[in-house]
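Here are the chains, one letter per residue:
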Amino acid sequence: MVVPCVQTMDPKDEDKFDFDPLDVTKIWPEHLFPLQPVGRMVLNKNPDNFFNENEQLAFCPSLVVPGVQADH
């Protein structure tokens, strides 16, 4: 079981740190921004057809959940 976590920050606190929290090259310290679990993933089987269940899905824009878009 994998427990995915996120770190969140109130936007009004952005200027209160000695580093830029929006700089993607920085890692947020866990003592300032604790990890918050957002669910759990159970990986309990291997795909029957790897190409069909993983590779084809990754490159097919019509199978993307509405409201989600690719980032570049």
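Keep in mind it's a predicted model, so treat the numbers as computed, not measured. (Residues numbered from 1 in each chain as written. Predicted model: local features only at pLDDT ≥ 70, side-chain atom pairs only at ≥ 80, totals over all residues. Heavy atoms only, no water.)

S.K.: It is not clear to me how the overall build of the protein should be interpreted in this structure. Could you clarify?
M.R.: Looking only at helices and strands, the protein features one helix and two strands. Across the 72 residues in the protein, those meeting the buried criterion constitute 8%. The contacts in the protein between residues at least 6 apart in sequence include a share of 58% that link residues at least 24 apart. Accessible surface, the protein: about 6700 Å² in total, of which carbon and sulfur atoms supply 56%. (Helix = DSSP H or I, 4+ residues; strand = E, 2+ residues; numbered from the N terminus. Buried < 20%, exposed > 50% of the residue type's maximum accessible area, 1.4 Å probe, protein only. Contact = heavy atoms within 4.5 Å. Areas by Shrake-Rupley, 256 points an atom, 1.4 Å probe, with all protein chains shown as cover.)

S.K.: What exactly am I supposed to notice about a nonpolar patch on the surface here?
M.R.: A cluster of nonpolar side chains, Met1, Val3 and Val42, forms an exposed patch at the surface whose accessible area comes to about 300 Å². Mapped onto the elements of the fold, valine 42 is located in the loop between β2 (36-37) and α1 (50-58). (Patch = residues over 30% accessible without salt bridge, like charges linked within 9 Å, V, L, I, M, F, W, Y side chains within 5 Å. Salt bridge = Lys/Arg side-chain N within 4 Å of Asp/Glu carboxyl O.)

S.K.: Is there a simple way to think about the environment of phenylalanine 17 in this case?
M.R.: Tracing the backbone shows phenylalanine 17 in the loop between β1 (5-6) and β2. According to the relative accessible area criterion, phenylalanine 17 is partly exposed, its value standing at 24%. With sequence-adjacent residues up to four places away left out, phenylalanine 17 is seen in contact with Met9, Leu32 and Phe33.

S.K.: Please clarify how the pattern of salt bridges should be interpreted in this entry.
M.R.: When the charged atoms of two side chains with opposite charge come close together, those side chains can pair. Evaluated as defined, the whole model comprises four salt bridges. Salt-bridge contacts for aspartate 10 lead to lysine 12; the nearest nitrogen and oxygen are separated by 3.7 Å. Its relative accessible area of 35% is what places aspartate 10 among the partly exposed residues. Its relative accessible area of 67% is what places lysine 12 among the exposed residues. Here lysine 26 ties to aspartate 23 by a salt bridge, and the two come within 3.6 Å at their closest N and O atoms. On the accessibility criterion, lysine 26 (41% relative accessible area) is partly exposed.

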